[in-house]
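If you want the building blocks of each chain, they are given just below.
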Amino acid sequence: MRALAPAFEPYKWAPPSDEVARLAGIDPSQVLRFDQNTPSQPLASTRPAAVAGALARISGYPAGGYRTLRRAIADYAGVEPENIVLGAGADDLILLCARAYAGPGDTVAIPESPTYPLFRIAVELAGAQVGDEDPVLTFACRPNNPTGTLGPLPDARPLVVDEAYFEFSGETALPLLDEGVIVLRTFSKLFALAGARIGYALASTDIAAELNARQAPAPVSELSAALAIAALAARPDPRPVLEERERFADGLRALGFEPLESHANFLYVPTDDADAIVESLLKQGIVVRSFPGAFRVSVLDREDDDRLLEALGGPAVSGGRSVRTVRATAETRFSTRLALDGQRRVRVATGAGIYDHFLEQLAFHAGFDLVPAGAGDLETGDHHTAEDAALAFGEALDVALGDRAGIARYGNAVVPMDDAIARAAVDLGGRPFAELHLEHDPGMAVHMFTSLAQAARATIHVEASGRDEHHVAEAAFKAVGRALAIAVAPAGAGIPSTKGIL
């Protein structure tokens, strides 16, 4: 093989979740990753239905040059399909540009450190060297990774601008394509498709043609292309991430840190104690990205970001007996965060309408923290989504209870609601059973209770009556929640059974 540069260093990943879990003494599902600058959950569009057609054709090669995907990207970016070069993520396109323009004896300019290490890796793999003297190609990173800053655009041409975080900044070099500028973008960040490995370059038609000639014949899989098309058809809004970024930054400042102003979905935090902080977080099952004199944290959501702030010395937010579980079927996907000893931090947004509201009421009155994040096939109705939300909650409850030692086991409650009244009793003894009598049911209430009892290995009895079906069902969910609050409460140290086992 051709020798690599003596100082060459391959890309280094952060430790995988199973290693972090062993270090922290937790299950891998409980590891929090703030190191990847990707959303913690896939988009609602990322589900089996999106790839069903591609799976039916998976025995053959991609045909036709990905015309549908190119058209979708063109419409999104405001260019023509002839301006597009596809790749397996922006990384693939960085490597492509480096080898297309540079070779042994050439010099390529890259952003000053700290910046994305793949620029240097790509240059050295092409046999060229990094430098600023008469470069044959210049790389820029806007916003810069890892700092999140928006530095000035270099005047040098040809110029490759990595815009992996474009959607969070709104700044683009796209108007300069006819001046020898190439723009790289990815579906890994806002579109939450990092595992699909898909991205694209935007260039003038002649440069795009030259890059396509040097690219692999079928650079992305049909499955990845289908997921990208689905994501572009239901484009996510970056504003919630931007709002959470500012809240997260304020939380870090309250702890004495000074994160840099960010134009991306992460925060760069300079500190003399970076190494010690990163190591301490790892021991708690929290992964951040380490840099000399700084650490970088991805912006996830309020619940996860507050957990990081707590680990850094902020207000306590994580309840006891906390778990994270994942339930995925061909119809739905849920990642559930549950804390039995919580602070009623409940957010249910599966798209199942009134049933989200009912589940929120149950968890709130139980005193739990509950966030079931995911999506279902709502185009067929809310049946599968509501059912699997209850199953996912029940599975998380079962895991959180562990061997069920030291709990009260039994609980009961009576809840009136205007014209309705509900009586509920639960037994967490490990036997799944549901005896349910609701005078009126909006459609899925009884089925959700049955699913909950099955997945949680609980016995649930409910009697609810009244004139309004909404009130009848809501009172029933509140009553079950209040009964659960009693049943999960600490009560002694042993197994709550004369048999000594549940």
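Not measured: the values here are computed from a predicted model. (Residues numbered from 1 in each chain as written. Predicted model: local features only at pLDDT ≥ 70, side-chain atom pairs only at ≥ 80, totals over all residues. Heavy atoms only, no water.)

## Focus: the environment of A396
- With respect to the helices and strands, A396 occurs in helix α13 (residues 383–401).
- For A396, a relative accessible area of 0% corresponds to the buried category.
- Distance in space between the C-alpha atoms of A396 and S335 is 9.5 Å, their sequence separation being 61 residues.
- Leaving out residues up to four positions away in the same chain, A396 has contacts with V323, T325, T336 and L338. (Helix = DSSP H or I, 4+ residues; strand = E, 2+ residues; numbered from the N terminus. Buried < 20%, exposed > 50% of the residue type's maximum accessible area, 1.4 Å probe, protein only. Contact = heavy atoms within 4.5 Å.)

## A few points about the pattern of salt bridges
- According to the stated counting rule, one finds 27 salt bridges in the structure shown.
- As a salt-bridge pair, D341 and R321 come within 2.7 Å of each other at their nearest N and O atoms. Residue D341 is located in strand β14 (residues 332–341), and its partner R321 is located in strand β13 (residues 320–328); the two are separated by 20 residues in the primary sequence.
- Note on D341: relative accessible area 36%, which makes it partly exposed.
- Of the charged contacts in the structure, one is a salt bridge between D427 and R409, with a shortest N-O distance of 2.7 Å. You can see D427 sitting in strand β17 (residues 420–427) and its partner R409 sitting in the loop between α13 and β16 (410–417), a full 18 residues away along the chain. We note that D427, like R409, is buried.
- A single salt-bridge network, built from bridges that share partners, covers D301, E303, D304, R324, R337 and R347. (Salt bridge = Lys/Arg side-chain N within 4 Å of Asp/Glu carboxyl O.)

## Looking at unusual backbone geometry
- Here the amide bond leading from S113 into P114 is cis, since omega sits at 0°, within 30 degrees of zero.
- Residue placement: P114 occurs in the loop between β3 (107–109) and α5 (118–125).
- Cis rather than trans, the peptide bond between R157 and P158 has omega equal to -5°.
- As for its placement among the helices and strands, P158 is situated in the loop between β5 (137–141) and β6 (159–162).
- One non-glycine residue with positive phi stands out, namely R344, at about 60°.

## Here we look at the sheet that holds strand β19 (residues 459–465)
- The strand order across the open sheet formed by four strands is β16-β17-β19-β18, and the pairing between neighbours is mixed. In this open sheet, the two strands that pair with only one neighbour each are β16 and β18 (433–438). Adjacent strand axes in the sheet meet at a mean angle of 5°, parallel and antiparallel pairs treated alike.
- One ladder, built from six bridges, connects β18 with β19; its direction is parallel. Residue pairing across strands places E435 opposite H461, the latter belonging to β19.
- Along the sheet, helix α14 (residues 445–456) contacts β18 and β19; its crossing angle with β18, the most-contacted strand, is approximately 165°.
- Sitting on the sheet, helix α15 (residues 469–487) is in contact with β16, β17, β18 and β19, with an inclination near 150° to β16. (Pairing = 2+ DSSP bridges. Axes fitted to C-alpha atoms, helices over the stretch in contact; angles between N-to-C directions.)

## Here we look at the packing of aromatic side chains
- Tallying each qualifying case throughout the model produces 15 aromatic pairs.
- Plain terms: the ring middles of Y76 and F191 are 5.7 Å apart, the flat faces sit at 80° to each other, and that makes the pair edge-to-face. Taken as a pair, Y76 in helix α3 (residues 67–77) and F191 in the loop between β7 (181–186) and β8 (199–202) lie far apart in primary sequence, 115 residues in all.
- Grouping aromatic residues by their ring pairs yields a cluster made of Y11, W13, Y116, F119 and F139.
- Directly above the aromatic system of F266 lies the positively charged group of R296, at a separation of 5.6 Å from the ring centroid.
- In this structure, R344 is placed above the aromatic ring of F364, and the distance from its NZ or CZ to the ring centre is 5.1 Å. (Phe/Tyr/Trp six-rings, centres within 6.5 Å; stacked < 30°, edge-to-face > 60°. Lys NZ or Arg CZ within 6 Å of the ring centre and 35° of its normal.)

## Observations concerning the side chain of K189
- Among the secondary structure elements, K189 is positioned in the loop between β7 and β8.
- Comment: no salt bridge for buried K189; closest opposite-charge side chain is D91, at 7.8 Å.
- Reaching out from K189, the side chain makes a polar contact with the backbone oxygen of Q36 at a distance of 3.4 Å.
- If we ignore the near neighbours within four places in the chain, the residues touching K189 are Q36, N37, T38, P39, A164, Y165 and F168. (Lys, Arg positive; Asp, Glu negative; His and termini not counted. Polar contact = N/O pair within 3.5 Å; in protein donor to acceptor, adjacent residues only side chain to side chain.)

## A closer look at the nonpolar core
- If you look at the biggest cluster of nonpolar residues, it comprises 56 residues, and the most contacted ones within it are L338, F368, V480 and L484.
- Looking at which element gives the most residues to this core, the answer is α15, with ten residues.
- Not counting the four nearest positions on each side in its chain, F368 is found in contact with L338, A339, L340, G342, R344, R345, V346, A363, F393, L397, L484 and V488.
- The next biggest cluster of nonpolar side chains, apart from the first, holds 43 residues, and it includes L43, A72, V181 and V183. (Core = buried A, V, L, I, M, F, W, Y, C linked by side-chain atoms within 4.5 Å.)

## Regarding the environment of I407
- Mapped onto the elements of the fold, I407 is located in the loop between α13 and β16.
- I407 sits 89 residues away from P496 along the chain, and the two C-alpha atoms are 6.8 Å apart.
- The contacts of I407, once residues within four sequence positions are left out, are R321, L401, L428, A487, V488, A489, A491 and P496.

Read these as geometric descriptors, not functional statements.
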